[in-house]
Amino acid sequence: MRMLSIVGARPQFIKASPLCLALRLRHREILVHTGQHYDYGMSDVFFADLGIPAPDYHLGIGSGTHGAQTGAMLQAIEAVLGKERPDAVIVYGDTNSTLAGALAAAKLHIPVAHIEAGLRSFNRAMPEEINRVLTDHLSTWLFAPAAIARDHLAKEGIRSGVHIVGDIMYDALLLHRGRAEKRSHVLEHLGLKSKGYYLATVHRAENTDQKERLAGILEGLNAMDRPVILPLHPRTKKKIEEFGIDPASNVQCVEPLSYLDMVKLQGHAACVLTDSGGVQKEAYYLGVPCVTLRTETEWVETVTAGWNIVCGTNPAAIGQAVRKMEGCSAPHPHLYGSGDTAKQIVDVLTRTEL
């Protein structure tokens, strides 16, 4: 079959890495990069690090308001689909690229496969929540990472085509962790010792676009008992400058890092503080405690297991959460499969008659 995969943002490059390998053993894949993340540190370096084939199409959409960006993607993707006429379209996660790809395919009556289906924050103020809900309702195959995601779909009336396959990001971590340990020298470059620092990531609009929330996070990080490494997402960097916020002495801001450097930093951190769903999961897989800088999480299993605390953006709450997670020794079960998600997805797609 001819499969057309759509990616556009950092987490999607990571998720595509193991699936591209498995998919191309049995099918023809056409890879489309929308350009949603477009600078080297957020895009090109991931293709190089993860061994992802060069995109067959790079749409170059870039940044913009949600409506403008999604509309431009929709138009460009529709043109590619008209030319390539694939048997199915594969989309990942919850970005504007995800929704645009699913919507363009559905309107042309091309079946959609949604990787990471069924996740819900139940916060409709999040653009990601809108994207994931709509994409699920447009999809033929819904590849859910865990039983709770399947249950969310069932409550919305979606029961056909749902498959619990685990988390594709676990596949990616197993595939690349050894290389990260051997090839990355980020600890030496930043003068860090294992377990002697915290790692933070902040990128969601709900945190970056509100001065009080962003300032609260940085104040909390500055009060930590270890130095904090903060790779700056372009949006976060822009808002820190726009709001005139001083990250202060305990927070070391660095440019966006490659996947291998991030895996190395996460694995050796004393604790990870993040508003990223992907980073929450990676911390869990690496056995590193996590503090989520939001008021909810889609990855509730990591909280139930005792490896993640959702604390919001209040500085005092952040500090309290980190102290509580220090030296976490909770049981560490396999929450999202055993690392064969890509194979399961390809098996389902292969045996489905279109």
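I will try to describe carefully the structure that is included in this document. Keep in mind that what you see is a predicted model, and the values were worked out from it rather than measured.

Examining the sheet that holds strand β1 (residues 2-7)
The sheet built from 7 strands is open, its strands ordered β3-β2-β1-β4-β5-β6-β7 with parallel pairing. The open sheet terminates on both sides in strands that have one partner only, identified here as β3 (57-58) and β7 (162-164). In this sheet, β7 lies alongside strand β6 (residues 141-144) in parallel orientation, the contact comprising 3 bridges. Across the sheet, Phe143 pairs through a bridge with His163, a residue of β7. Those strands touched by helix α6 (residues 147-155) are β6 and β7, and its axis lies near 165 degrees from that of β7. Its contacts with the sheet place helix α16 (residues 341-351) against β1, β4 (88-92), β5 (112-115), β6 and β7, and it is angled at close to 160 degrees to β6.

Considering the sheet that holds strand β8 (residues 198-201)
Read from one edge to the other, the open sheet built from 6 strands follows the order β10-β9-β8-β11-β12-β13, with strand pairing classed as parallel. Where the open sheet ends on each side, the last strands, each with one partner, are β10 (251-254) and β13 (308-310). Neighbour to neighbour, the strand axes of the sheet diverge by 20 degrees on average, direction disregarded. Bridging between strand β9 (residues 228-231) and β10 involves 4 bridges; their strand directions are parallel. What sits directly across from Pro231, in β10, is Val254. Packing against the sheet, helix α10 (residues 211-222) makes contact with β8, β9, β10 and β11 (271-274), and its axis sits at approximately 120 degrees to β10.

Some words on the pairing of β1
Counted residue by residue, β1 has 5 buried out of 6 residues, so it is predominantly covered. The sheet contact formed by β1 and strand β2 (residues 28-33) spans 6 bridges and is parallel. Of the residues in β2, the one forming a bridge with Arg2 is Arg28. As for the winding sense of the linkage, the β-α-β connection from β1 through helix α1 (residues 10-24) to β2 is right-handed.

Let's talk about the pattern of salt bridges
One pass over the structure, following the stated rule, counts 20 salt bridges. Residue Arg132 is joined to Glu298 by a salt bridge in which the shortest nitrogen-to-oxygen separation is 3.4 Å. Remark: Glu298 occurs in the loop between β12 (290-292) and α14 (300-304) and Arg132 occurs in helix α5 (residues 127-138); sequence separation between them is 166 residues. Note on accessibility: Arg132 and Glu298 belong to one class, buried.

Reading the values: rules and limits
- Residues numbered from 1 in each chain as written.
- Predicted model: local features only at pLDDT ≥ 70, side-chain atom pairs only at ≥ 80, totals over all residues.
- Heavy atoms only, no water.
- Pairing = 2+ DSSP bridges.
- Helix = DSSP H or I, 4+ residues; strand = E, 2+ residues; numbered from the N terminus.
- Contact = heavy atoms within 4.5 Å.
- Axes fitted to C-alpha atoms, helices over the stretch in contact; angles between N-to-C directions.
- Buried < 20%, exposed > 50% of the residue type's maximum accessible area, 1.4 Å probe, protein only.
- Right-handed = clockwise from strand over helix to strand, strands pointing away.
- Salt bridge = Lys/Arg side-chain N within 4 Å of Asp/Glu carboxyl O.

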